[in-house]
Amino acid sequence: MVTRCLQRAPDCPNSRGRTPEEKRTDTALAVDSGPARMPPTQAESVIRSIIREVGQECAVHGEIVSETLIAFMVKAVVLDPSNGFNMDRTLMKSDVQNLVKLCMARLLDTKNPSLDTIKMQVYFDMNYTNRVEFLEEHHRVLDLRLGSVTREITDNRACTKEELESLYRKIISYMLLRSGLGSPTDIKTVREVTAALQSVFPQAELGTFLTLCKKDKERQLKELTMIVTGIRLFNRDCGKGGEGIDDLPGVLHEAIPATLQHIDDQLEKTQHQAYCYTAVLEKAADNPLMKAELQPYMLKEALYNIRQCEVFLQIILSDIITGAQEVEMMTKQLGAHLEQLKMTVKSKTAVPTSQVFPIFIALSTLWTSLQDETVAVGVLSNLFTHLQPFLDAHELFFPERVMQQHLNGVTVKTDMDRMKEHMEDRVNVADFRKLEWLFPETTANFDKLLIQYRGFCAYTFAAADGFLLAGNPAIGILKYKEKYYTFSSKDAAYSFAENPEHYIDIVREKAKKHIELIQLLELHQQFETVIPYSQIREADKHYIKPITKSESSTQTDTHILPPTIVRTYEWNEWELRRKAIKLANLRQKVTHSVQTNLTHWRRENCSQVYPPKNTSTQSMKEDSTGVPRPQIYLAGLRGGKSKIADEVKTMSLYYSSYTAWQ
């Protein structure tokens, strides 16, 4: 049988214990076995023998080819209908020989842009992962490398003083390795870490540490590492330590702009090259002689190659821009935490741990994130460097002097220039009653729609024999079977809308002949057997669906006139009879009330009084009287003319005053 190039089935019996290269090969080729086909294990064995034979033949001719590339090439040969391989029958020996021969011919044709494109796709697929997955894998690898050191600490049963000191030194080495801030062989760094650790975890507390369970030990080790790292970062900022700690914010602020500029310049060159290829192909479309002259250069395949380079550069550039934004935000947060820590410990001999420990942990977390960004930028920069040879190969495919000869009198238009030419030409929705068209002003998430063929014009590619031309979403996006298509012009949109299935089939058949188009145009849904390794884990994720309908509401006055509803109206005569009997019975009822001795004080009483007033009066007249007051004393006691003492009576006035009050 001929195996389809399927995504590898999970839990394949032969998948365990293989090298990463073999696992990627399994991803590129997997077995789709059905009735009347050989078992999966036997079919996989046939595939591996084919790959091994092709690799040996290539080595004989001086070409060292990876198994993954050979697997993709086998996939390309099998899918190409011109090779005549039947997917529903078992491979004969002659078929295997023919398959090996065709794979050899393609792998040894080093001047073919298609082979270069496949090599580039295989390399990028094997070496690129998105930011989230990369950081998760980076942390997993770090934990794996520290596994042996962690086990030495958590499984330790130290008892003597020497064993406890050895355990303490191992903890210090663990902290240095996990934080990545210095080497365990640097004496100054070890002394600094030891001093920081003793301030939060003295050696005397090792006994308590040894009584914990393994998970609690691992958790405490990570927490202590973050606290010690935060202390060292704070001391470094204060100029009192920080031995072996690099200035990561400064390094990133220099490296990221330089890397961005380098990639952006290369992206502009790549796009200009693609625009030149497009202009030459447009000119050759109306000139049969020029088309025949350009045939040896395989210009369309070169256009596929340069467009694939552009896509990969945009992915790398987008990731670095995202990293730059993260670094900018984390640098501000780092400065804020350091300033907060300075204000907390300012001129204080002792600070509560509940105030400073959370800040130390936050500092450590931010620094770890900066380290992750440093690694990510380095990996992306290295990936870009390895893509450079694929970009330089275009001088061999289509030399500059030949291109300039065919560009005489031709205006090289960018994708944006082509969009502006047809910006006003929009699809009239009334012309298509059974098809749905989306426009920017009527569709939410318009810029997040998953456009088919990576945004290239579907009609132009099908009608012009695989010619890539960027689509213009402003013309209108066609929604057909829950998929979205853009077009380069209004005429192209109308032509495609007349028979979408016809043009979709043409694109599919074209991709079978040029397998590099499957990844370039993102045709993995049409070729369910072909999924890149980097997209396998995201195959089941759903993209953001557009919001083409929205809820709206209006409010009107429901009762403009005053209500005339009689609330006491009853239509039920039995209810009326019940109310009449109730009223009749009430006429014979009397209401009584009784006051008891125990409840009489509960009634409410109130009284009113007039507050007292302060008053005073003023007399109209003041007067006084003098009353004579007689006084009698003896005279002649000292002697004198009279020898006889005599009593003398005198009168004096005593004045008393009174006031007559009115």
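Going by what an unreviewed UniProt entry lists, the chain is known as Cilia- and flagella-associated protein 206 and is assigned to Callithrix jacchus.

The next point concerns the overall build of the chain. For the chain, the count of helices and strands is 23 helices and five strands. A total of 662 residues make up the chain; the buried ones form 39% of that total. A fraction of 73% describes how many contacts in the chain between residues 6 or more apart in sequence connect residues 24 or more apart.

Okay, the sheet that holds strand β1 (residues 436-438) next. The strand order β1-β2-β3 describes an open sheet built from three strands, whose pairing is antiparallel. On the outer flanks of this sheet lie β1 and β3 (483-485), each paired with one strand and no other. Across the sheet, the axes of successive neighbouring strands diverge by a mean angle of 35 degrees, strand direction being ignored. Both strand β2 (residues 477-480) and β3 contribute to a ladder of three bridges, which runs antiparallel. Bridge pairing in β3 places Leu478 opposite Tyr485.

Attention now goes to the packing of aromatic side chains. Applying the stated criterion to the full structure yields 13 aromatic pairs. Here Phe124 and Phe312 contribute two aromatic rings whose centre-to-centre distance is 3.9 Å and whose plane-to-plane angle is 10 degrees, an arrangement assigned as stacked. Highlighted residues: Phe124 in helix α5 (residues 113-127) and Phe312 in helix α14 (residues 299-345), separated in sequence by 188 residues. Phe312 carries the same exposure label as Phe124, and that label is buried. Here a set of aromatic residues connected by ring pairs shows up, and it is made of Phe432, Trp437, Tyr453, Tyr459, Tyr485, Phe487, Tyr494, Phe496 and Tyr503.

Our focus in this paragraph is the nonpolar core. The biggest cluster of nonpolar side chains holds 79 residues, and the ones touching the most others in it are Val54, Leu107, Trp437, Phe487 and Leu521. Here this core takes 10 residues from helix α3 (residues 67-79), the largest share from any one element. Discounting chain neighbours no more than four positions away, the residues touching Val54 are Ile70, Val100, Cys103, Met104 and Leu107. Among the nonpolar cores identified, the runner-up in size contains 62 residues, and Ile172, Leu176, Phe234 and Leu252 belong to it.

Once that is clear, we can look at the pairing of β2. Side chains Ile477 and Lys479 of β2 all project onto a buried face; the interleaved residues Leu478 and Tyr480 project onto the opposite face, where all are buried too. In this structure, β1 lies alongside β2, joined through three bridges in antiparallel fashion. Following the sheet pairing, Glu436 is matched in β2 by Lys479. Between β2 and β3, which follow one another and run antiparallel, lie two residues, and Lys481 among them has a positive phi close to 55 degrees.

All right, on to the pattern of salt bridges then. Pairing between side chains becomes possible if they bear opposite charge and their charged atoms approach one another. Tallying each qualifying case throughout the model produces 22 salt bridges. Glu509 is the partner of Lys512 in a salt bridge, and the nearest nitrogen-oxygen pair spans 3.4 Å. Within this pair, Lys512 and its partner Glu509 are both found in helix α21 (residues 500-513), separated by three residues, close to a single helical turn. Three or more residues joined by partner-sharing salt bridges are found here, namely Lys300, Asp465 and Lys510.

Taking 1.5 Å per residue, 14 residues should reach 20 Å; helix α9 (residues 187-200) reaches 20 Å between its end C-alpha atoms and fits that length. Close packing links the buried residues of α9 with α8 (161-179), α11 (214-238) and α15 (353-392). The N-terminus of α9 is capped by Asp186, whose side-chain oxygen sits 3.3 Å from the backbone nitrogen of Lys188.

The next point concerns the side chain of Arg307. By secondary structure assignment, the location of Arg307 is in helix α14. A distance of 3.2 Å separates a polar atom in the side chain of Arg307 from a polar atom in the side chain of Asp415.

Our next topic: a nonpolar patch on the surface. A cluster of nonpolar side chains, namely Val566, Tyr569 and Trp571, defines an oily patch on the protein surface of about 450 Å² accessible area. In this fold, Tyr569 is placed in the loop between α22 (516-520) and α23 (573-586).

Let us now look at the packing of α14 against α15. At a minimum axis distance of 9 Å, the contact between α14 and α15 shows a crossing angle of 160 degrees. As summarised for this structure, α14 and α15 are arranged roughly antiparallel, according to the angle between their axes. For the crossing formed where α14 meets α15, the hand is left-handed.

Below, the discussion takes up α11. Each full turn of the α-helix corresponds to 3.6 residues, which orients residues three or four apart in the same direction. Look at α11: 36 Å from first C-alpha to last across 25 residues, which is about the 36 Å you get at 1.5 Å a residue. After α11 finishes, the residue Gly239 shows a positive phi value of roughly 80 degrees.

Attention now goes to the environment of Ile51. Looking at where Ile51 falls in the secondary structure, it is placed in helix α2 (residues 40-60). Given the relative accessible area of 4%, Ile51 is considered buried. Along the primary structure Ile51 and Leu69 are separated by 18 residues, whereas in three dimensions their C-alpha atoms are 9.5 Å apart.

Turning next to the packing of helix α7 (residues 147-154) against α11. Closest axis-to-axis distance for the α7/α11 pair is 10 Å, and the angle between their directions is 120 degrees. Where α7 crosses over α11, the two elements pack in a sense that is right-handed. Here Thr150, Arg151, Ile153 and Thr154 of α7 come into contact with α11, specifically with Lys214, Lys217, Glu218 and Leu221.

A few words on the confidence of the model for the chain. For the chain, the mean per-residue pLDDT works out to 80, and 81% of the residues sit at or above 70. Contacts from residues 1-37, a stretch scored under 50 in pLDDT, to residues over four places away or in other chains number 93 contacts. Low pLDDT, under 50, characterises residues 654-662; the stretch is placed with 22 contacts to residues that sit more than four places away or in other chains.

Turning our attention to unusual backbone geometry. Its identity as a non-glycine residue notwithstanding, Asn445 has a phi of 60 degrees, on the positive side. Examined against the element boundaries, Asn445 turns out to sit in the loop between β1 and α19 (458-463). In the Ramachandran plot, Asp465 falls in the positive-phi region, its phi being about 60 degrees despite a non-glycine side chain. Its location among the elements puts Asp465 in the loop between α19 and β2.

About the cut-offs
- Residues numbered from 1 in each chain as written.
- Predicted model: local features only at pLDDT ≥ 70, side-chain atom pairs only at ≥ 80, totals over all residues.
- Heavy atoms only, no water.
- Helix = DSSP H or I, 4+ residues; strand = E, 2+ residues; numbered from the N terminus.
- Buried < 20%, exposed > 50% of the residue type's maximum accessible area, 1.4 Å probe, protein only.
- Contact = heavy atoms within 4.5 Å.
- Pairing = 2+ DSSP bridges.
- Axes fitted to C-alpha atoms, helices over the stretch in contact; angles between N-to-C directions.
- Phe/Tyr/Trp six-rings, centres within 6.5 Å; stacked < 30°, edge-to-face > 60°.
- Core = buried A, V, L, I, M, F, W, Y, C linked by side-chain atoms within 4.5 Å.
- Salt bridge = Lys/Arg side-chain N within 4 Å of Asp/Glu carboxyl O.
- Expected span 1.5 Å × (residues − 1).
- Polar contact = N/O pair within 3.5 Å; in protein donor to acceptor, adjacent residues only side chain to side chain.
- Patch = residues over 30% accessible without salt bridge, like charges linked within 9 Å, V, L, I, M, F, W, Y side chains within 5 Å.
- Areas by Shrake-Rupley, 256 points an atom, 1.4 Å probe, with all protein chains shown as cover.
- Parallel < 35°, antiparallel > 145°, perpendicular 65-115°, else oblique.
- Left-handed = near helix turned anticlockwise from the far one by under 90°.
- pLDDT = per-residue confidence, 0-100.

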